[in-house]
Amino acid sequence: MYLYTFLLYSQYLIIDLTIIKMKLTILYKQSMMAIIKFLLLLLIILSSSCMSSFFMDTFVYPKWIGYLFCLGILLVSSSYSIIKNSSVSIKISRIELMVIIFTVILQILIYSFDVLLIVTSCVCLYYFFKVFINDISQEKMDMFLIFASFFPIYLATIQFCKSFQTINGTYDNPAGLSFSMILTIISLSNLITKSSTKRYVTLLYMLLIIICASVVFICNSRAGLLSIFVVIYIFFVKKYRKTVPLVFCGLVLFATFYYKTESSKGRWFIYSTSLSMLDTPRHICFGYGHDGFRKYYMICQAINLKGKSLEVRQRADNIRHPLNEFLLLLINYGGLFVLLLVLGLVVLSINASFDRAHLAFFSALLIFSFVSYPFRYPITWVALAWYTASLDYKFSKTIYIPMPIAIVTFLFSGVFICLYTVKNVKLHIRWASAYNNSLLGRYEKAEKEYSYLSQKLYNIPEFIYNYASFLEKRNKPNEALLLINNCYFIDYQTQMLKGSLFLDIKKYNIAFQHFKLAHEMCPNRFAPLYEMYIILGKVSAKGVQSKLGKLIIKKTIKIPSYEINEIKRKINKELNIINYEKNQ
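The model shown is predicted, which means the values in this text are computed figures rather than measured ones.

Chemist: Explanation requested: the overall build of the protein chain in the structure shown.
Modeler: Check the secondary structure of the protein chain and you find 26 helices and four strands. Scored against the burial criterion, the 584 residues of the protein chain give a buried share of 48%. For the protein chain, long-range pairs separated by at least 24 residues make up 73% of all intrachain contacts whose partners lie at least 6 apart in sequence. Of the roughly 30700 Å² of accessible surface on the protein chain, a fraction of 66% belongs to carbon and sulfur atoms.

Chemist: What is the right way to read the pattern of salt bridges from this model?
Modeler: Side chains carrying opposite charge are able to pair once their charged atoms draw close together. Following the criterion strictly, the structure yields nine salt bridges and no others. Note that Glu-311 and Lys-265 form a salt bridge whose closest N and O atoms lie 3.5 Å from each other. Of this pair, Glu-311 sits in helix α14 (residues 310–315) while Lys-265 sits in helix α11 (residues 261–276), placing them 46 residues apart in sequence. Salt-bridge contacts for Glu-311 lead to Arg-315; the nearest nitrogen and oxygen are separated by 2.8 Å. Of this pair, Glu-311 and Arg-315 both sit in helix α14, four residues apart, which is roughly one turn of the helix. The partly exposed category is assigned to Glu-311, whose relative accessible area is 43%. Taken together, the salt bridges that share partners define one network made up of Lys-265, Glu-311 and Arg-315.

Chemist: Hey, could you run me through the packing of aromatic side chains in this one?
Modeler: Aromatic ring pairs are defined here through the distance separating the ring centres and the angle between the ring planes. Counted by the stated rule, this structure contains 29 aromatic pairs. Relative to Phe-236, the ring of Phe-235 has its centre 6.1 Å away and its plane inclined at 45°; by these criteria the two rings are tilted. The interplanar angle of 15° and the centroid separation of 4.4 Å between the aromatic rings of Phe-361 and Tyr-387 together place this pair among those described as stacked. With a gap of 26 residues between them, Phe-361 in helix α16 (residues 356–371) and Tyr-387 in helix α17 (residues 378–389) connect regions that are remote in the sequence.

Chemist: What is the right way to read the packing of helix α7 (residues 174–192) against helix α9 (residues 222–236) from this model?
Modeler: Geometry of a packed helix pair, given as the angle between the helix axes and the separation of the axes. Packing of α7 against α9 leaves a shortest axis separation of 10 Å and a crossing angle of 15°. Taken together, the axes of α7 and α9 lie roughly parallel to each other. The chirality of how α7 crosses α9 is right-handed. For the pair α7 and α9, contact is made by Ile-182, Ile-185, Ile-186, Ser-189, Asn-190 and Ile-192 and by Gly-224, Ser-227, Ile-228, Val-231, Phe-235 and Phe-236, respectively.

Chemist: What exactly am I supposed to notice about helix α24 (residues 527–538) here?
Modeler: Since the α-helix advances by 3.6 residues per turn, residues separated by three or four positions end up pointing in the same direction. Over its twelve residues, α24 extends 17 Å from the first C-alpha to the last, a length consistent with the 16 Å expected when each residue adds 1.5 Å. By the burial criterion, the buried members of α24 are Pro-528, Leu-529, Tyr-530, Glu-531, Met-532, Tyr-533, Ile-535 and Leu-536. Taken from the residues just after α24, Ser-540 is the one with a positive phi, measuring 65°.

Chemist: Sorry, what's going on with the packing of helix α5 (residues 138–148) against α7 here?
Modeler: Packing of α5 against α7 brings their axes to within 9 Å, and their N-to-C directions diverge by 135°. Taken together, α5 and α7 sit at an angle that is classed as oblique. Note that α5 runs across α7; the crossing there is left-handed. Across from Gln-138, Glu-139, Asp-142, Met-143, Leu-145 and Ile-146 in α5, the residues of α7 making contact are Thr-184, Ser-187, Leu-188, Asn-190 and Leu-191. Looking at the contact of α5 with α7 residue by residue, the class counts come to five nonpolar, four polar and two charged.

Chemist: How should I be thinking about helix α18 (residues 403–439) in this particular structure?
Modeler: With 37 residues, α18 should reach 54 Å at 1.5 Å per residue; the first-to-last C-alpha distance of 54 Å fits that figure. Gly-441 sits one or two positions beyond α18 and adopts a positive phi of about 85°.

Chemist: Sorry if this is basic, but what is going on with unusual backbone geometry here?
Modeler: Negative phi values dominate among residues other than glycine, just as trans dominates among peptide bonds. Here Leu-323, not a glycine, exhibits a phi torsion of approximately 60°, which is positive. With respect to the secondary-structure elements, Leu-323 resides in the loop between α14 and α15 (325–350). Positive phi, normally seen in glycine, also occurs at Lys-506, with a value near 65°. Relative to the helices and strands, Lys-506 is located in the loop between α22 (492–504) and α23 (508–521).

Chemist: Explain the state of the cysteines here, please?
Modeler: Each disulfide consists of a covalent bond between the sulfur atoms of two cysteine residues. Scanning the entire structure with this criterion turns up zero disulfides. The structure places no disulfide on Cys-124, whose sulfur is separated from the nearest cysteine sulfur, that of Cys-122, by 9.4 Å. Exposure remark for Cys-124: the relative accessible area of 12% places this residue in the buried category.

What counts and how
Residues numbered from 1 in each chain as written. Predicted model: local features only at pLDDT ≥ 70, side-chain atom pairs only at ≥ 80, totals over all residues. Heavy atoms only, no water. Helix = DSSP H or I, 4+ residues; strand = E, 2+ residues; numbered from the N terminus. Buried < 20%, exposed > 50% of the residue type's maximum accessible area, 1.4 Å probe, protein only. Contact = heavy atoms within 4.5 Å. Areas by Shrake-Rupley, 256 points an atom, 1.4 Å probe, with all protein chains shown as cover. Salt bridge = Lys/Arg side-chain N within 4 Å of Asp/Glu carboxyl O. Phe/Tyr/Trp six-rings, centres within 6.5 Å; stacked < 30°, edge-to-face > 60°. Axes fitted to C-alpha atoms, helices over the stretch in contact; angles between N-to-C directions. Parallel < 35°, antiparallel > 145°, perpendicular 65-115°, else oblique. Left-handed = near helix turned anticlockwise from the far one by under 90°. Expected span 1.5 Å × (residues − 1). Nonpolar A, V, L, I, M, F, W, Y, C, P; charged D, E, K, R; others polar. Disulfide = S-S within 2.5 Å.

Structure representation (structure tokens):
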């Protein structure tokens, strides 16, 4: 009797303990998912809104640091959330898997660690979305993207009210702000079209769409305005669906030839100059290599500008991007790489079924990629990882990955990304500190920091240029020349610096050639001509100097500035003195 009662109570106790264990497991999973969702929200906010004056780059670099660090923590946290599972399931198609693996292999063959890190981080985020696709819905991602847009909208509004010349919000360029606004408009439109949305919530979403569209309008972004048209067409236009594309084509032609005409002409010149770089079969097939555009474009621009009209020469500027992502890939990595990439994307699109949100995103991304540089910003990679992972692919099947492999993948990737980010943050903060010390006149302290950083950041051309400029101020032209010669790209700024350094060591002929090349790269600039004018005076070529001085005085000013007025005033004064001496 007592034994029977004991066994019965023991059985009840075991059942109760099992229930408690199940509740604790559910609570653990819910709490971990809450942490993961918070980290994902933080990642999206930092990817679009992070700015910091602790770095040399106030706008873009802090976003990448915030994105990578949050991604590392997110991957580590994800490894803990799947410990209780025996395996992790991923629904993926063979074609999808092949394209991802092939893309990573191509990046490894190209070998640029920075590019490889960006692509790998996007693949890790894609893998994360695939694992947690049942816990993170499209509606949640829409809300996250909407929350992330509040601060850029607020900052853009302040800039507009204070009559800033350029409205860029938390970005370095209006294109970045416009694309982030388009992502928000897509999310809001997707939420509006849900049948369960209440009327007052729908009105709020519509108000936010108007605000975001207004931000795009004050940014003066043609790609943004065209993308808004496409998004509205995809989500809301039901009648006249055959007529609207014709209207869209008309808008494209208007934006290209009549709206911001000077900008369009300058853009076409950049495109034609970029295509002229593909002058040999080797360059057409394999490109110039990583950062090949930055290495050789300005030389090509200087050659192409010879014999051009004054109108064309006035538009030339120091260019670092061809304003077309596909053209950049073509020049850097060649036609074969672009062809394989496009084929992979076509195969993926054929084997995927697009809903309105996905179609709107990829359409907007395509528009911006043709006329801007959306992949410069981490928010683009976050959105790309999500919209690619959440697509429904044909012939997809569920793959079960053993729990230890999934944990090791998440944990190792997350720890590596976090450590790499922390290391880079320390170096870039120290670089900014060295630069600020040089501005404040603390030259010895700055020189020690620059000397230390030169062993760590030797592969960053911006650092090499900055360090060489500092050495020029310290009257160490020979050291600066040794350093700037390691800077692999040739542009207007490097030529001006080299000219100044050769001028300091009295090698006037070489200095003159560098200033001449800088002038040929950007004929609308006055500084190279003025430096050439000074050199002609030093070598006693008074006749040629006088002719150049008259040319500078008559030269058309593109953007008025105090420096240009001073140059013209000084030359005018010197020419008047020379004329007075001749008359005497």
